[in-house]
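Take a look at the letters that make up each chain.
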Amino acid sequence: METIPLLKEKRIVLGITGGIAAYKACTLASHLTQAGARVDVVMTEAATRFVTPLTFEALTGRPAYTSMWRTSDEALPTHIAHVGLAHAADLLVIAPATANTMAKLAQGLADNLLSTLALAAQCPLLLAPAMDVGMWAHPATQANVAVLRERGAALAGPAQGRMASGLEGEGRLVEPDEILGHVRRVLGRDGPLAGRRVVVSAGPTEEPIDPVRFLSNPSSGRQGFALSQAAVDRGATVTLVTGPTHLETPVGFERVDVRTVEEMKEAVVEASETADALLMAAAVGDYAPTEVAAQKVKKRAEDLTLRLTRTPDILAAVAERRSKTDHPRFVVGFAAETEDLLENARKKLEAKSLDLVVANDVTAADAGFGTETNRVVLLSRDGESMELPLMSKSGVAERILDRVVGLLKET
Ligand code: C5P
């Protein structure tokens, strides 16, 4: 797991309460730590029946706290461990959060280290409830959750599915990486793009030839999804318009699924009308079959000729609207090239009225379509160019979003 700049050096108190889902908190503690956060685990007595403090100490490399009266961190005087941890925290996450602990928090009880710390904390609170169906549905739990929400607590889940009891229903802890997504949303919400709207396009487009065949390209959607996540990390409201991909929707943004160029154009133009920035990372098809066969095309002759027609240019449609409405304020385009990278990218910058173009040579095996990594050059309107080394698509997204923050600051 890669470092997440938003989480780097952040102090997260991870509260763990007593439910079987506590085993999933191990993965969460590990991922938060690997992402760069400083994770202090606080367990209730019941939680230690399911997993041990030692597990978390090994995963986080830090002491795990279980009691008001003892602390293994010698730097903290025993009696004020709760205050010290609470005041230093950037975020308090309780996962799994039992009905009992949520009831205590709603009431303001302070009868163990976690509930006392929660009362002393001034940082945001994220709860990932986990309990049996009936306990979650109970009016008492629902009333407590409503109180906590009202006070500003964020909730991750619970999810629908099979319980340890064998029952099916709402009450499952959401998966650790989804909780991580909520952590990013909550920590990022006051970031430099708070109050800004960002539209991102991602993935390939598909143009049907007949009911079972289509023209497409190997774009995975990864770069566009990474851009969306980097925008959420900075507090933006994000709409992601994506062609067909296998990627799961990360937490915190609106996803619009489309198939053809025409559908993508409509969705992007509409979403861009109120946007501050459009990041057009989708690999949009340039041609579509002139006619779509109503039935599956049969094999008959040796040769088959497909007649193709140019698809509309989405960025051109956006540029036309932009000239009237002034939205989106900034447009970032992508230039996937197999030759004369910089020259072609510069031409695209002009022709498509872009503020920034992200140029990549898609002939490289480790960059471009379908890969985990990318190597790009950023060219801006003022002629400045910045060549980035080979890095993950998330790393590229971080750098692009830093530029977008810079561009928007000037407005
Ligand atoms: O012209 P070319 O396809 O190389 O330009 C790439 C950029 O233009 C990308 O940002 C892509 O998303 C966008 N594009 C578009 N509409 C098309 C084709 C590409 O907006 N029909």
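Quick note: structure is the one above.
The rules behind these values
Residues numbered from 1 in each chain as written. Predicted model: local features only at pLDDT ≥ 70, side-chain atom pairs only at ≥ 80, totals over all residues. Heavy atoms only, no water. Patch = residues over 30% accessible without salt bridge, like charges linked within 9 Å, V, L, I, M, F, W, Y side chains within 5 Å. Areas by Shrake-Rupley, 256 points an atom, 1.4 Å probe, with all protein chains shown as cover. Salt bridge = Lys/Arg side-chain N within 4 Å of Asp/Glu carboxyl O. Lys, Arg positive; Asp, Glu negative; His and termini not counted. Charge placed at Lys NZ, Arg CZ, Asp CG, Glu CD. Helix = DSSP H or I, 4+ residues; strand = E, 2+ residues; numbered from the N terminus. Core = buried A, V, L, I, M, F, W, Y, C linked by side-chain atoms within 4.5 Å. Buried < 20%, exposed > 50% of the residue type's maximum accessible area, 1.4 Å probe, protein only. Contact = heavy atoms within 4.5 Å.

Asks: Would you mind showing me how to read a positive patch on the surface here?
Replies: A contiguous patch of positive charge, built from K296, K298, K299 and R300, is present on the exposed surface. Counting through the fold element by element, K298 comes out in the loop between β15 (287-289) and β16 (308-310).

Asks: Sorry if this is basic, but what is going on with the nonpolar core here?
Replies: Soluble globular proteins: nonpolar side chains tend toward being buried together. Counting 37 residues, the largest nonpolar core has L7, F56, I179 and V183 as the members making the most contacts within it. Residue assignment for this core shows that the elements contributing at least two residues are β1 (11-16), α1 (22-34), β2 (38-43), β4 (91-97), β5 (125-129) and α8 (176-188). Considering every element that reaches this core, the biggest residue donor is α1, with 6 residues. Apart from residues lying up to four places away in sequence, L7 is in contact with I12, L32, A35, G36, A37, L180, V183 and L187.

Asks: Explain the pattern of salt bridges to me, please; I cannot follow it from the model alone.
Replies: Two side chains with opposite charge may pair up if their charged atoms get near one another. Applying the stated criterion to the full structure yields 21 salt bridges. With its nearest N and O atoms 3.1 Å apart, the salt bridge here joins D111 to K104. Looking at K104, the relative accessible area reads 12%, which means it is buried. A salt bridge links K352 to D313, with the shortest nitrogen-to-oxygen separation between them at 2.7 Å. In this pair, K352 is assigned in the loop between α12 (341-351) and β18 (356-361) and D313 in the loop between β16 and α11 (314-325), connecting sequence segments 39 residues apart. Exposure remark for K352: the relative accessible area of 24% places this residue in the partly exposed category. Taking relative accessible area as the criterion, D313 reaches 30% and is therefore assigned partly exposed. Within the structure, one salt-bridge network assembled from shared partners comprises R11, D40 and R62.

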